[in-house]
Amino acid sequence: MDNFKTNQKVLLKNLGFDAFNNMQNDTLTSSDQHANLLLLAPTGSGKTVAFLLHALSKINTSDNVQILILAPTRELVLQIEAVVKKMKLPFKTNACYGGHPFSVERKNFSTPPTILIGTPGRIEDHIKRETFDTSDISHVIFDEFDKSLEFGFIKQMESIIKNVPNRKGHLLVSATNAIDIPDFLEISNIHTLNYSSDKKTALTQKQIITPVDEKAEKLIEVLKTFDTNNNTIVFCNHREACDRICDLLDDEKIEYAIFHGGLEQPQRELELLKFRNGSAQFLIATDIAARGIDIPDLDYVIHYQLPKQESTFTHRNGRTARMKATGTSILVRTETDFLPEYIAAEPKEFIASIKQTIQKPEWITIYISKGKKDKINKMDVVGFCLQFDFMKKDDLGLIEVKDYSVYVAIKRNKSKRLLTVAKTRKIKNKKVKIEIAR
């Protein structure tokens, strides 16, 4: 990228940073010295910015795809794309993943992107259909590479690499050093940057022991102890357990978001969005939420079911104690459950006074039926909402503009009135459907 070092000041401003952290600076420096890098970094450490800095240092004047970034989940692809957008780079980026219309992605390649982000399966599909030219791709970045191997994407990644003939280097991002680098990458030497234990956090571990047949009910009691502004993920091993908990939350009329592999992609994105923008205080999830998703800093991680693997337990806990540097991990056990070997000491009991009810979140998510493909942007949405005299700037929360829709967080106490008066109004002379997002 021309004048890249000069442009770093602009990147810092766009990202809202005062300076890049040690890991990000070391990654950039090492990019000049080593063709192949292994970056060991936990969730919340700034690894996405680190490997994007690496990518930017490799971009030249070609009109074709130059940087390919592979990630194991759709949510991670979208998170990386969001960081790229925040950087406000002067060139195009495409995101490709299952659940996103292939026809839209194909059309987006009419003007080739400089940076291409995607899941292995969808990128392999595009390569087979020859929707873009791979000849100018110089560097391939594998985010959450260990997770990609765990998910069984090795055949797709091998197929992709075979069709990227002019590679000059690779960057592998992993949470663990205990990985075997596949032969198809043809890497003989790799430089390791180990930041896996660089970030120290004050994580408190506690437990609740319940009767066997009252586990879910006891969990609801625990949730009632938290303040309204406490963000919490409840981790389950199976989606059936998620559904059981959500049934009880419905009975209690408690707002929540749910996230597991049984949901269709648009619903998964909406559930994360509601948790991210404060419309839901609790996220009930399987371990696909343990890594690589964009969610707020958490106060509590609750292990409704303990995972078999210590690495999974670690990554669950990694969702809290990030920027805040504090957090609480709570184990929910029945009287017959034994602690796994990876938990060395018996945690202290979690005790808190129980509230009678959980207040509704301050925010609620509103859906608008036009998006960026309709030339709608955030400022259009702000103007649309603030045209009404009862709406103030502080009544608007997080706004996320999708291809064909917009989701905006509105103060709950203003939402009904807004929905009533906005039904006949237009955005940029376009009729829109506006309703509470479900």
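For the structure, see preceding data.
Below, the structure is looked at part by part. (Residues numbered from 1 in each chain as written. Predicted model: local features only at pLDDT ≥ 70, side-chain atom pairs only at ≥ 80, totals over all residues. Heavy atoms only, no water.)

A few words on the nonpolar core. By size, the foremost hydrophobic cluster in this structure holds 37 residues, and its most contacted members are L39, F51, L52, I69, I80, M87 and I115. Residue assignment for this core shows that the elements contributing at least two residues are α1 (4-15), α2 (22-33), β1 (36-40), α3 (47-56), β2 (67-70), α4 (74-87), β4 (115-118) and β6 (169-174). Filtering out sequence-adjacent residues up to four positions away, M87 remains in contact with L11, N14, L15, V49, L52 and L56. L219, I220, V222 and C236 belong to the second largest nonpolar core, which has 28 residues in total. (Core = buried A, V, L, I, M, F, W, Y, C linked by side-chain atoms within 4.5 Å. Buried < 20%, exposed > 50% of the residue type's maximum accessible area, 1.4 Å probe, protein only. Helix = DSSP H or I, 4+ residues; strand = E, 2+ residues; numbered from the N terminus. Contact = heavy atoms within 4.5 Å.)

All right, on to a negative patch on the surface then. Together, E240, D243, D247, D250 and D251 make up a region of like negative charge exposed at the surface. The topology assignment puts D247 in helix α10 (residues 239-251). When its relative accessible area of 46% is taken as the criterion, D247 is described as partly exposed. (Patch = residues over 30% accessible without salt bridge, like charges linked within 9 Å, V, L, I, M, F, W, Y side chains within 5 Å. Areas by Shrake-Rupley, 256 points an atom, 1.4 Å probe, with all protein chains shown as cover. Salt bridge = Lys/Arg side-chain N within 4 Å of Asp/Glu carboxyl O. Lys, Arg positive; Asp, Glu negative; His and termini not counted. Charge placed at Lys NZ, Arg CZ, Asp CG, Glu CD.)

Let us look at the sheet that holds strand β3 (residues 93-96). Where strands meet in a sheet, backbone hydrogen bonds hold them as pairs that are either parallel or antiparallel. On the basis of which strands lie adjacent, the open sheet formed by seven strands has the order β3-β4-β2-β5-β6-β1-β7 and parallel pairing. The open sheet has two free edges, formed respectively by β3 and β7 (191-194), since each of these has just one partner strand. Strand-to-strand twist in this sheet, taken as the mean axis angle between neighbours without regard to direction, amounts to 15 degrees. Bridge analysis of β3 against β4 gives four bridges, and the strand direction is parallel. (Pairing = 2+ DSSP bridges. Axes fitted to C-alpha atoms, helices over the stretch in contact; angles between N-to-C directions.)

As a further point, take the environment of E240. Following the sequence through the fold, E240 ends up in helix α10. Separated by 194 residues in sequence, E240 and G46 place their C-alpha atoms 33 Å apart.

Looking down a regular strand, the side chains alternate between one sheet face and the other. The buried fraction of β1 amounts to five of the five residues, a majority that puts the element mostly inside the structure. Of the two faces of β1, both are covered, the one formed by N36, L38 and L40 as well as the one formed by L37 and L39. In terms of strand pairing, β1 meets β6 through five bridges, oriented parallel. In the sheet register, L40 faces β6, and the bridge partner there is S174. Across four bridges, β1 lies against β7 in parallel orientation. Following the sheet pairing, L39 is matched in β7 by L193.

Inspection of every chain in the model, using the stated rule, returns 25 salt bridges. Of the charged contacts in the structure, one is a salt bridge between K224 and E252, with a shortest N-O distance of 3.1 Å. Pair noted here: K224 is in the loop between α9 (215-223) and β9 (232-235) and E252 is in the loop between α10 and β10 (257-259), with a separation of 28 residues, a long-range link. In this structure E252 comes out as partly exposed when scored by relative accessible area, which is 40%.

It is worth spelling out the sheet that holds strand β16 (residues 396-401) at this point. Pairing in this open sheet of four strands is antiparallel, and the strands run β16-β17-β15-β20 from one edge to the other. Either end of the sheet is taken by a strand with one partner, and the two such strands are β16 and β20 (434-436). The average undirected angle you get between the axes of adjacent strands in this sheet is 25 degrees. Pairing geometry for β16 and strand β17 (residues 406-411), over four bridges, is antiparallel.

Turning our eyes to something else, we now look at the packing of helix α6 (residues 120-128) against helix α8 (residues 154-162). Remark: α6 packs on α8, axes separated minimally by 9 Å, with the N-to-C direction vectors making an angle of 40 degrees. Of the possible angle classes, the one that applies to α6 and α8 is oblique. The crossing of α6 and α8 is left-handed. Residues P120, G121, I123, E124 and I127 of α6 lie in contact with α8, whose contacting residues are Q156, M157, S159 and I160. A breakdown of the residues in the contact of α6 with α8 according to their chemical character gives five nonpolar, three polar and one charged. (Parallel < 35°, antiparallel > 145°, perpendicular 65-115°, else oblique. Left-handed = near helix turned anticlockwise from the far one by under 90°. Nonpolar A, V, L, I, M, F, W, Y, C, P; charged D, E, K, R; others polar.)

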